Amino acid sequence: MNLFKGIEFANPVFFWLLLFVPLMIGWYIWKNKTLQGTLRMSTVSGFMKVKSSYRVLRHYGIFFRVLALVFLVIAMARPQSALSWQNSTTEGIDIVIATDISGSMLAEDLKPNRLEASKNIAIDFIKDRPDDRIGLVIFSGESFTQCPLTIDHDVLINLFKDVNNGMIEDGTAIGMGLATAVNRLKNSEAKSKVVILLTDGSNTGGSIPPLTAAEIAKKMNIRVYTVGVGTKGMAPYPVRTDQGIQYQQVPVTIDETTLTGIAKVTGGKYFRATNNDKLKEIYQQIDKLEKAKIAVTEYHKKTERFLPFVLIALLLLLIEFALRNTLFKGALS
């Protein structure tokens, strides 16, 4: 029986009436005892034909009446189906992740290296935002779109996994990477447009200066979160030699002034990721900042469900009445 599935009660105070149930049973037992008397007879052989089950069945009346009372009390408590849902109205957030894939991203101060750590953590970020359109831009000495804005995140993730150093000319064209990301968002009708720009160096190429690209982003109401990836000081960098892979300590030269300026111009924020945990925390912060743009309205719809309980109570009383006037007519109930 699923009568109580998804049910709430509008007037649960009526359940106090269930205290009458033990009172009814107690009164019935007391009444039966007071009605019993003593009768002397020479023999009881004539009563031996009476079925022993009658001793139990003769109490049918109190059983049906108590059960009917229980269902009537439930009906008076006004059971209601509690159907609720959330109508999530988003501002329509479009996000482009612009990732540096230059040779320096192979440094292993993040594990297994900066590029792979950036890919893995960004993929987790994508998985946590199933309702957003997200695109991917990669840049080095030049830039291009690896994946346009899409809601098909499986395709996006597969394309992200295919990203490797050496896909394009080496270098660090931060301005070009940002400009390409902005270009992907220029026709977006979303109310909130975001670029996450991740790099580990300073702008060394490209025809568009980073702050010029930032000004363009500002005019298009695109917010840019910049992330500088790399530890403080020196970082281990793998170098291929005749003896195999050798590691050299190379200086970490992130242009934090430019990255901070890009974020400030566009209303975003600059972050510094010195290890995997810090980079993951940065993506979580960005995730929270952009989720603040989602308005959720919760609706409740309640439907009265008392009628089945009333009908069951009436049915029980009708059964008791029918039995009393047919099968058990004349018997004490």
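Scroll up to find the structure this text is about.
These remarks concern the structure in this document. (Residues numbered from 1 in each chain as written. Predicted model: local features only at pLDDT ≥ 70, side-chain atom pairs only at ≥ 80, totals over all residues. Heavy atoms only, no water.)

## Overview of the nonpolar core
Our working rule: Side-chain atoms within 4.5 Å are what join buried Ala, Val, Leu, Ile, Met, Phe, Trp, Tyr and Cys residues into a set we call a nonpolar core. Buried means the residue's accessible area, taken with a 1.4 Å probe over protein chains only, is under 20% of the maximum for its type, while exposed means over 50%, and partly exposed covers the values in between. Secondary structure elements follow DSSP: runs of H or I no shorter than four residues count as helices, runs of E no shorter than two count as strands, and numbering proceeds from the N terminus. Should any heavy atoms of two residues lie within 4.5 Å, those residues are considered in contact.
Ranked by internal contacts, the top residues of the largest apolar core, which has 34 residues, are Ile-97, Ile-196, Val-227 and Tyr-283. For this core, the element with the highest residue contribution is helix H4 (residues 114-127), accounting for 7 residues. Apart from residues lying up to four places away in sequence, Ile-196 is in contact with Ile-95, Val-96, Ile-97, Ala-98, Phe-125, Tyr-225, Val-227, Tyr-283 and Ile-286. Counting residues in hydrophobic clusters, the runner-up holds 26 residues, among them Leu-197, Ala-213, Ala-235 and Ile-254.

## Details of unusual backbone geometry
In terms of backbone geometry, most residues other than glycine have negative phi values and most peptide bonds are trans. Residue Lys-111 is joined to Pro-112 through a cis peptide bond whose omega torsion reads 0°. Along the polypeptide, Pro-112 turns up in the loop between strand E3 (93-100) and H4. The backbone phi angle of Arg-78 is positive, close to 55°, even though this residue is not glycine. Along the chain, the position of Arg-78 falls in the loop between helix H3 (60-76) and strand E2 (79-90). Of note, the phi angle at Asn-221 is positive, near 60°, even though the residue is not glycine. Along the chain, Asn-221 turns up in the loop between helix H7 (210-219) and strand E7 (222-229). Taking relative accessible area as the criterion, Asn-221 reaches 62% and is therefore assigned exposed.

## Focus on the environment of Ala-77
By the element assignment, Ala-77 lies in the loop between H3 and E2. Beyond its immediate chain neighbours, meaning those up to four positions away, Ala-77 contacts Phe-9, Ala-10, Asn-11, Pro-12, Phe-14 and Phe-15.

## With respect to the packing of H7 against helix H8 (residues 256-266)
Helix-helix packing is described using two parameters, namely the angle between the two axes and the distance between the axes. Using the following cut-off: Note on geometry: axes are C-alpha line fits, over the in-contact stretch for helices, and angles between N-to-C directions span 0 to 180 degrees. Put simply, angles under 35 degrees are roughly parallel, angles over 145 are roughly antiparallel, angles from 65 to 115 are roughly perpendicular, and the rest are oblique. Here a crossing is called left-handed whenever its near helix is offset anticlockwise from the far helix by less than a right angle, and right-handed whenever the offset is clockwise. In the scheme used here, Gly and all other residues not listed as nonpolar or charged are polar, with Ala, Val, Leu, Ile, Met, Phe, Trp, Tyr, Cys and Pro taken as nonpolar and Asp, Glu, Lys and Arg as charged.
Packing of H7 against H8 brings their axes to within 8 Å, and their N-to-C directions diverge by 15°. Regarding the angle of H7 to H8, the classification is roughly parallel. Between H7 and H8 the crossing geometry is right-handed. Mapping the contact onto sequence places Pro-210, Leu-211, Ala-214, Glu-215, Ala-217 and Lys-218 in H7 and Thr-258, Gly-261, Ile-262, Val-265 and Thr-266 in H8. Class assignment of the residues belonging to the contact of H7 with H8 gives a composition of 6 nonpolar, 3 polar and 2 charged.

## Considerations on the side chain of Gln-146
Within the secondary structure, Gln-146 sits in strand E5 (residues 143-150). Non-local contacts of Gln-146, meaning those with residues more than four positions away in its chain, are made with Leu-136, Val-137, Ile-138, Leu-159, Asp-162, Val-163 and Met-167.

## Focus: a nonpolar patch on the surface
Our working rule: For patch detection, residues must exceed 30% relative accessible area and be free of salt bridges, and they are connected within 9 Å for like charges or within 5 Å for nonpolar side chains (Val, Leu, Ile, Met, Phe, Trp, Tyr). Each accessible area is a Shrake-Rupley result for a 1.4 Å probe, and residues are judged covered by the shown protein chains and nothing else. By definition here, a salt bridge exists when the distance from a side-chain nitrogen of Lys or Arg to a carboxyl oxygen of Asp or Glu is within 4 Å.
A grouping of Val-13, Phe-14, Trp-16, Leu-19, Leu-72, Met-76, Phe-306, Leu-307, Leu-311, Leu-314 and Leu-317 is seen on the molecular surface, where their side chains present a nonpolar patch of about 1,000 Å² in accessible area. If you tally residues by element for the nonpolar patch, the top one is helix H10 (residues 307-324), at 4 residues. Locating Leu-314 in the fold gives a position in helix H10.

## Quick look at the sheet that holds strand E10 (residues 269-273)
Just so we agree on the cut-off: A pair of strands counts as paired when DSSP detects no fewer than two bridges linking them.
One open sheet holds the 6 strands; their spatial order is E5-E4-E3-E6-E7-E10, and the pairing between them is mixed. On the outer flanks of this sheet lie E5 and E10, each paired with one strand and no other. Recorded for the sheet is a direction-independent mean angle of 15° between the axes of neighbouring strands. In the sheet, strand E6 (residues 192-199) pairs with E7 via 7 bridges, with the strands oriented parallel. Residue pairing in the sheet places Leu-198 in a bridge with Val-227 of E7.

## Quick notes on the pattern of salt bridges
Counted under the stated rule, the structure contains 11 salt bridges. The partner of Glu-290 in a salt bridge is Arg-223, and the shortest N-O contact between them spans 3.1 Å. One end of the pair, Glu-290, is in helix H9 (residues 276-291); the other, Arg-223, is in strand E7, and 67 residues separate them in sequence. Using a relative accessible area of 1% as the deciding quantity, one classes Glu-290 as buried. With its nearest N and O atoms 3.8 Å apart, the salt bridge here joins Glu-281 to Lys-278. Of the two residues, Glu-281 and Lys-278 both sit in helix H9, 3 residues apart, roughly one turn of that helix. With relative accessibility at 30%, the residue Lys-278 sits in the partly exposed group. Shared partners join several salt bridges into a network, and the residues in it are Asp-109, Arg-114 and Asp-200.

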